[in-house]
Amino acid sequence: MGTIVLSGTVVLVILGFGNHSWWLAAVALLFLYIRYGRDSASAPTSGGSSGGGGGMADDYKSYRDRRDRQARWERRYRRERPLEVRRQQRDKAS
């Protein structure tokens, strides 16, 4: 992903010598990559290979938060729709 963004930036900079608005597009592309692309691409590898433990604790905390939110949603769903839950259990058993 980084290679594509860097080569796209180089192309936009070269085009910018004729029209300066391409330079703005190159800056916007780099900004978006640094803001959104690099963080999402490096997130899965930070917890597994680093021995520091800081990234692992954050990953585990976010995992626990997602799991707890999902459990609350499922309990609420079962409480508010008991007939549908029974039907789904009956269909699953068949």
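Structure: above.
Residues numbered from 1 in each chain as written. Predicted model: local features only at pLDDT ≥ 70, side-chain atom pairs only at ≥ 80, totals over all residues. Heavy atoms only, no water.

**Some remarks on the packing of aromatic side chains**
The tally for this structure, following the rule as stated, stands at three aromatic pairs. Taken together, a centroid distance of 5.6 Å and an interplanar angle of 85 degrees make the contact between Phe17 and Trp23 edge-to-face. Overall, the relative accessible area of 63% leaves Phe17 in the exposed class. For Trp23, a relative accessible area of 33% gives the class partly exposed. Pairing Tyr60 with Tyr63 gives two aromatic rings, centres 5.9 Å apart and planes at 35 degrees, and the pair type is tilted. With a gap of three residues between them, Tyr60 and Tyr63 both fall in helix 3 (residues 54-80), about one helical turn apart. (Phe/Tyr/Trp six-rings, centres within 6.5 Å; stacked < 30°, edge-to-face > 60°. Buried < 20%, exposed > 50% of the residue type's maximum accessible area, 1.4 Å probe, protein only. Helix = DSSP H or I, 4+ residues; strand = E, 2+ residues; numbered from the N terminus.)

**Describing a nonpolar patch on the surface**
Residues Leu6, Leu30 and Ile34 make up a contiguous nonpolar surface patch of about 260 Å² in total accessible area. Note that Leu30 resides in helix 2 (residues 21-49). A relative accessible area of 31% places Leu30 in the partly exposed class. (Patch = residues over 30% accessible without salt bridge, like charges linked within 9 Å, V, L, I, M, F, W, Y side chains within 5 Å. Areas by Shrake-Rupley, 256 points an atom, 1.4 Å probe, with all protein chains shown as cover. Salt bridge = Lys/Arg side-chain N within 4 Å of Asp/Glu carboxyl O.)

**Section: the pattern of salt bridges**
Across all of its chains, the model carries five salt bridges by this definition. As a salt-bridge pair, Asp65 and Lys61 come within 3.4 Å of each other at their nearest N and O atoms. Of this pair, Asp65 and Lys61 both sit in helix 3, separated by four residues, roughly a single helical turn. Owing to a relative accessible area of 52%, Lys61 belongs among the exposed residues under this scheme. With a shortest N-O distance of 2.9 Å, Glu80 and Arg76 are connected by a salt bridge. Pair noted here: Glu80 and Arg76 are both in helix 3, with a separation of four residues, about one helical turn.

**Here's the deal with helix 1 (residues 2-16)**
If you check helix 1, its first and last C-alpha atoms are 21 Å apart, about what 15 residues at 1.5 Å a residue would give, namely 21 Å. All of the buried residues in helix 1 are Val5, Thr9, Leu12 and Gly16. Take helix 1 and look down its axis: the buried residues cluster within an arc of 65 degrees, on one side only. Exposed side chains of helix 1 directed beyond 90 degrees from the buried face belong to Thr3, Ile4 and Ile14. (Expected span 1.5 Å × (residues − 1). Arc of directions from axis to C-beta.)

**Notes on the side chain of Thr9**
Inspection of the secondary structure puts Thr9 in helix 1. Assessed through its relative accessible area of 9%, Thr9 is described here as buried. For Thr9, the contacting residues outside a window of four places in its chain are Ala26, Leu29 and Leu30. (Contact = heavy atoms within 4.5 Å.)

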